[in-house]
Amino acid sequence: MEKIDPALVPMRKLYNGAEIPAVGLGTFGSDRFGHEEIANAVKEAIRSGYRHIDCAAVYMNEKYIGKAIAEVIEEGTVKREELWITGKVWNDRHDEVEEACRESLDDLRLDYLDLYLVHWPFPNYHAPGCDVDSRSPNAVPFKIENFMKTWRQMETLVEKGMVKNIGTSNMTQAKMELLLKDARIKPVVNEMELHPCFQQQELFDFMIENKIQPIGFCPIGSPTRPDRDKTENDAVDIEDPAVQKIAERLNIHPAVVCVKWAVQRGQIPIPFSVHKNEYMSNLEAAIKDPITEEEMEELKSAEQNSRLIKGQVFLWEGAKGWKDLWDLDGKIAR
Ligand SMILES: NC(=O)c1ccc[n+]([C@@H]2O[C@H](COP(=O)([O-])OP(=O)(O)OC[C@H]3O[C@@H](n4cnc5c(N)ncnc54)[C@H](OP(=O)(O)O)[C@@H]3O)[C@@H](O)[C@H]2O)c1
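Residues numbered from 1 in each chain as written. Predicted model: local features only at pLDDT ≥ 70, side-chain atom pairs only at ≥ 80, totals over all residues.

Describing the overall build of the protein chain
Stated formally: Elements are defined by DSSP. Helices are runs of H or I of four residues or more, strands are runs of E of two residues or more, and each kind is numbered from the N terminus. Based on C-alpha atoms, the radius of gyration is set beside the globule rule, defined as 2.2 Å times the residue count to the power 0.38. Here exposure depends only on C-beta density: within 10 Å of a residue's C-beta, 20 or more other C-beta atoms make it buried, 12 or fewer make it exposed, and intermediate numbers make it partly exposed, the C-beta atoms being placed from the backbone.
When its secondary structure is counted, the protein chain shows 10 helices and 10 strands. Scaling as 2.2 N^0.38, a compact globule of 334 residues should have a C-alpha radius of gyration of about 20 Å, and the protein chain matches this with 19 Å. If you line up the protein chain on its principal axes, its C-alpha atoms span 50 × 45 × 35 Å. In the protein chain, buried positions account for 43% of the 334 residues.

Here it is, written out as structure tokens:
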């Protein structure tokens, strides 16, 4: 499909009334795609109907994406207020959120962001491209006192008009409960890993109960991520039999089934692709040929508790392993 009328793409209403498009375009190319290539995809995707773009400073491409956004606004394709642009403060800027946000605004050539997220609940920094087993000597476990200092700065950004909404990413229930107790402005979203083989049902339900909209990253199970980000037991969503069966019925790629599942379940998927046929199929997924209720039920069988983004590089000295990042027994590891 060449173009989709953005008015056809469903919107999700956040607890504060803001409306966000139900599918966004991811922009993390890892080391597989160049910044220009991703920025060109953003430009063409907006020309073709995308209105929601998921950015982050750590993807190192905001300058390029900013130029692309400026061009589509300048040429009259879209008005600023019709776009939903998300940014994220990286772990090494938890103490200087306003400066980090200002830099992203400059790079993206915007005077406000629609949504700004704390990318990870830890201030733990790792060098780009470092080995997954490396541990930074400065890395520390989650501490709510530290996180609240960062969150207060996030709240100030809303008060200053630099961002319209604030949210979190990679939070667990235990951490979110602490934040909800003290937040003056509660997060509108939590961006979290969600795909058929990693449904996180309990955490998903917790977010919904608390009126926090889940945004789902790696919605297709990131099938072509670099080998260094793969482990032996990772499930492959697009090879799951329930996913493939629906793909055959609808004559679509299994990746698109993953996007449909996400939209119909109620999270906001942000699939990445630089290929027009792929990213248009992903947007079309939200407006055409829904999966039946029975198929949605069958897709529950795809669950394999297969977390892909384990976060090993954020571990501190003394941590036992990546599971310490995810509070699996309901307790925050120290
Ligand atoms: N908040 C966080 O901590 C966090 C973490 C990870 C990701 N994210 C965000 O989530 C976004 C998406 O995650 P992701 O990029 O890791 O994984 P993904 O969206 O699950 O997978 C992307 C890959 O799937 C393939 N694909 C996409 N659409 C397709 C289609 N219609 N048909 C066939 N193949 C298709 C593409 O492979 P080819 O390129 O080979 O065509 C693409 O590279 C990121 O870009 C980023 O914005 C956020």
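More follows now that the structure is in view.
Section: the pairing of strand E8 (residues 189–193)
The following threshold applies: A pair of strands is treated as paired once DSSP finds two or more bridges between them. Call a crossover right-handed when, viewed with both strands pointing away from you, the route from the first strand across the helix to the second goes clockwise.
Here E8 lies mainly inside the structure; 5 of its 5 residues are buried. Along E8, one buried face is formed by Val189, Glu191 and Glu193 and the opposite face, lined by Asn190 and Met192, is buried too. In terms of strand pairing, strand E7 (residues 166–169) meets E8 through 2 bridges, oriented parallel. Counterpart to Ser169 in the pairing with E8 is Glu191. In the classification by handedness, the crossover that spans E7, the intervening helix H5 (residues 173–182) and the parallel E8 is right-handed. Chirality of the crossover, the property in question, places the unit of E8, helix H6 (residues 201–209) and strand E9 (residues 213–217) among those that are right-handed.

A few points about helix H2 (residues 62–74)
For the record, the criterion: Here the expected length of a helix is defined as 1.5 Å per residue gap, with one fewer gap than residues. By definition, residue pairs are in contact when their C-beta atoms, positioned from the backbone, come within 7 Å.
In this model H2 runs 18 Å from its N-terminal to its C-terminal C-alpha over 13 residues, within 8% of the 18 Å that 1.5 Å per residue would give. Buried within H2 are the following residues: Glu62, Tyr64, Ile65, Gly66, Ala68 and Ile69. On its buried side, H2 packs onto helix H1 (35–47) and helix H3 (97–108). A positive backbone phi angle near 90 degrees is found at Gly76, which sits one or two residues after H2.

Topic: the site of the ligand
Here is the rule we go by: Throughout this description, a residue near a molecule or strand is one whose C-beta atom, derived from the backbone, lies within 6 Å of it. Each residue gets one label: Ala, Val, Leu, Ile, Met, Phe, Trp, Tyr, Cys and Pro are nonpolar, Asp, Glu, Lys and Arg are charged, and the others, such as Gly, are polar.
Near the ligand there are 29 residues, and of these Gly26, Phe217, Ile220, Ser222 and Phe272 occur at the shortest range. Within the residue set of the shell around the ligand, elements represented by two or more residues are helix H8 (254–265) and helix H9 (276–284). The dominant element in the shell around the ligand, judged by the number of residues it contributes, is H9, at 3 residues. Taken together, the residues of the shell around the ligand break down into 12 nonpolar, 13 polar and 4 charged.

Examining the sheet that holds E9
Note the threshold: Lines fitted to the C-alpha atoms define the axes, with helices restricted to the stretch that makes contact. Angles between their N-to-C directions range from 0 to 180 degrees.
Strand order in the open sheet formed by 8 strands is E3-E4-E5-E6-E7-E8-E9-E10, with parallel pairing between adjacent strands. The two strands at the open ends of the sheet, each matched to only one other strand, are strand E3 (25–26) and strand E10 (268–269). Relative to strand E4 (residues 52–54), E3 runs parallel, the two sharing 2 bridges. For Gly26, the partnering residue across the bridge sits in E4 and is Asp54. Packing against the sheet, H3 makes contact with strand E5 (84–89) and strand E6 (115–118), and its axis sits at approximately 140 degrees to E5.

Observations regarding the environment of Tyr59
Mapped onto the elements of the fold, Tyr59 is located in the loop between E4 and H2. Classification of Tyr59 as partly exposed rests on a count of 19 C-beta atoms within 10 Å. Along the sequence, Tyr59 and Lys88 sit 29 residues apart, while their C-alpha atoms lie 9.8 Å from each other. When sequence neighbours within four positions are dropped, the list of residues in contact with Tyr59 reads Thr27 and Phe28.

Quick look at the nonpolar core
Proteins that are soluble and globular tend to have nonpolar side chains buried together. Using the following cut-off: Nonpolar core, as used here: buried Ala, Val, Leu, Ile, Met, Phe, Trp, Tyr and Cys residues forming one set through C-beta atoms within 7 Å.
Counting 84 residues, the largest nonpolar core has Val42, Cys101 and Tyr116 as its most contacted members. Ranked by the residues each element gives to this core, the list is headed by H8, at 8 residues. Setting aside residues up to four positions removed in sequence, Cys101 forms contacts with Gly87, Val89, Tyr116, Leu157, Met162 and Val163.

Focus on the environment of Met162
Secondary-structure assignment places Met162 in the loop between helix H4 (144–160) and E7. Taking the C-alpha atoms as reference, Met162 lies 7.9 Å from Cys101; in sequence the two are 61 residues apart. Apart from the residues lying within four places of it in its own chain, the contact partners of Met162 are Cys101, Leu105, Tyr112 and Leu157.

Digging into unusual backbone geometry
Positioned with a positive phi, Arg109 is a non-glycine residue whose angle comes to about 60 degrees. Take Arg109: there are 17 C-beta atoms within 10 Å of it, and that puts it in the partly exposed class. The backbone of Asp289 shows a phi angle near 40 degrees, a positive value even though the residue is not glycine. Accessibility expressed as a C-beta count within 10 Å gives 13 for Asp289, which makes it partly exposed.

Here's the deal with H5
Operational definition: To obtain the arc, one takes the directions from the helix axis to the C-beta atoms.
When H5 is considered as a whole, its buried residues turn out to be Lys175, Met176 and Leu179. The arc enclosing the buried residues of H5, seen along the axis, measures out at 95 degrees, which places them on a common side. In this structure, H5 carries Leu180 and Lys181 as exposed residues pointing more than 90 degrees from its buried face. Of the surrounding elements, those touching the buried residues of H5 are H4 and E8.

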